[in-house]
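Secondary and tertiary structure notes
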Amino acid sequence: MGLKIQHLQGEVKSVSKKAVVLIAGQENVFAIPDIDHSDILDDTIEWVLISQNKKDIKSRITKKSDENYTVTIDNLTSGSYSYHLKASYISIKKKKKTITTDTICISGDCPPRILNISSSVTGELNPGNSIKVDATLEGLNANDLLLEVYSQTGDKQKKIHTVKEKCIEGKISFSIDGSKTAKWKPKPKETELQILIKLFDKSNKKYLCYE
């Protein structure tokens, strides 16, 4: 068993030995309580925050062995996405071997919502025209989202198309080619198709609100 990183302070939604879900925007403190300070070369520990796929280093910082590590997850990067936090030091007693802690997963939590949304279509669509929708979202990083397109006549709605995309750090874009919309026919005696666009979060099984 390796050394354990522990959450010491800050607002959280949940804590376990391997994962911590932080409240977005709040500073949280982590430390290595069981470390042997006399075993550390130059009395320094390197803390590394790694991407969910473990391929990219998001943050690397060196601190004294008695200093804690602090991290804040903002609203745009909160959601299903988890970072990996680990720390390492050079051991004097083990012939300058690198000792690395067990990894702990860190994610952020905040109410999911749409910050802003823009579309190439504003309510009416000529069949054969392409559609592009861009949105900025909070609390949905790495969540799978569905763009649902409905035809609307009065109060009646009918789903006519669905597109799936993943939110990346608060940004998401949906595109529907004109070859798809060409099949969406307006009612007889109408020249344009009235449409309604909705965003559905598959992770939470809820439609998103625009605030």
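Residues numbered from 1 in each chain as written. Predicted model: local features only at pLDDT ≥ 70, side-chain atom pairs only at ≥ 80, totals over all residues. Heavy atoms only, no water.

1. Quick notes on the overall build of the protein
Tallying secondary structure elements over the protein gives one helix and 18 strands in all. Its C-alpha atoms give the protein a radius of gyration of 24 Å, clearly above 17 Å, the size a compact globule of 211 residues would have. Projected onto the principal axes, the alpha-carbon positions of the protein cover approximately 85 × 30 × 25 Å. Across the 211 residues of the protein, 38% fall into the buried class. At a minimum sequence separation of 6, the contacts of the protein that also span at least 24 residues come to 62%. (Helix = DSSP H or I, 4+ residues; strand = E, 2+ residues; numbered from the N terminus. Rg over C-alpha atoms; globule rule 2.2 N^0.38 Å. Buried < 20%, exposed > 50% of the residue type's maximum accessible area, 1.4 Å probe, protein only. Contact = heavy atoms within 4.5 Å.)

2. Some words on the sheet that holds strand 7 (residues 69–71)
An order of 1-4-7 is seen for the three strands of this open sheet, with the pairing classed as antiparallel. Strands at the two margins of the open sheet, each flanked by one partner only, are strand 1 (6–9) and strand 7. Along the sheet, successive strands turn relative to each other by an average axial angle of 40°, direction set aside. Taken together, the three bridges between strand 1 and strand 4 (residues 28–31) define a ladder with antiparallel strand orientation. From the neighbouring strand, Q6 faces strand 4, where its bridge partner is A31. (Pairing = 2+ DSSP bridges. Axes fitted to C-alpha atoms, helices over the stretch in contact; angles between N-to-C directions.)

3. Notes on the sheet that holds strand 11 (residues 113–119)
The strand order across the open sheet formed by three strands is 11-13-16, and the pairing between neighbours is antiparallel. The sheet terminates laterally at strand 11 and strand 16 (171–176), the two strands that pair on one side only. Strand-to-strand, the axes of this sheet are offset by a mean angle of 20°, without reference to chain direction.

4. Observations concerning the packing of aromatic side chains
Pairs of aromatic rings are described using the distance from one ring centre to the other and the angle between the two planes. Scanning the entire structure with this criterion turns up three aromatic pairs. Ring plane angle 15° and centroid distance 5.1 Å describe the contact between W47 and Y69, whose orientation is recorded as stacked. With W47 in strand 5 (residues 44–50) and Y69 in strand 7, this residue pair connects regions lying 22 residues apart in the sequence. By the burial criterion, W47 is buried, and Y69 matches it. The ring of Y150 is capped by K198, whose NZ or CZ atom sits 4.6 Å from the centre of that ring. The cationic tip of K198 hangs over the ring face of Y207; the distance from NZ or CZ to the ring centre is 5.6 Å. (Phe/Tyr/Trp six-rings, centres within 6.5 Å; stacked < 30°, edge-to-face > 60°. Lys NZ or Arg CZ within 6 Å of the ring centre and 35° of its normal.)

5. Regarding the environment of V20
By the secondary structure assignment, V20 is in strand 3 (residues 19–23). Taking the relative accessible area as the measure of exposure, V20 reaches 1% and is therefore buried. On a C-alpha basis, the gap between V20 and P111 in space is 17 Å, while along the polypeptide they are 91 residues apart. Those residues within four positions of V20 in sequence are excluded, and the remaining contacts are H7, V12, S14, V15, F30, I104, C105, I106 and S107.

6. Structural notes on the pairing of strand 15 (residues 156–166)
Relative to strand 15, strand 14 (residues 144–153) runs antiparallel, the two being bridged by 10 bridges. Note that in strand 15 the partner of L145 across the bridge is E165. Connecting strand 14 to the antiparallel partner strand 15 that follows it, the hairpin turn spans two residues, and G154 within it adopts a positive phi of roughly 65°.

7. Focus: the side chain of K63
Positionally, K63 belongs in strand 6 (residues 57–64). Of the side chains with opposite charge, E67 lies nearest to the buried K63, which makes no salt bridge, at 4.8 Å. Excluding anything up to four places from it in sequence, K63 contacts D43, T44, I45, W47, N68 and Y69. (Lys, Arg positive; Asp, Glu negative; His and termini not counted. Salt bridge = Lys/Arg side-chain N within 4 Å of Asp/Glu carboxyl O.)

8. Observations regarding the pairing of strand 4
The two faces of strand 4 match: N28 and F30 on one face and V29 and A31 on the other face are all buried. Pairing of strand 4 with strand 7 involves three bridges; the strand directions are antiparallel. Looking at strand 7, one finds that V29 is bridged to T70.

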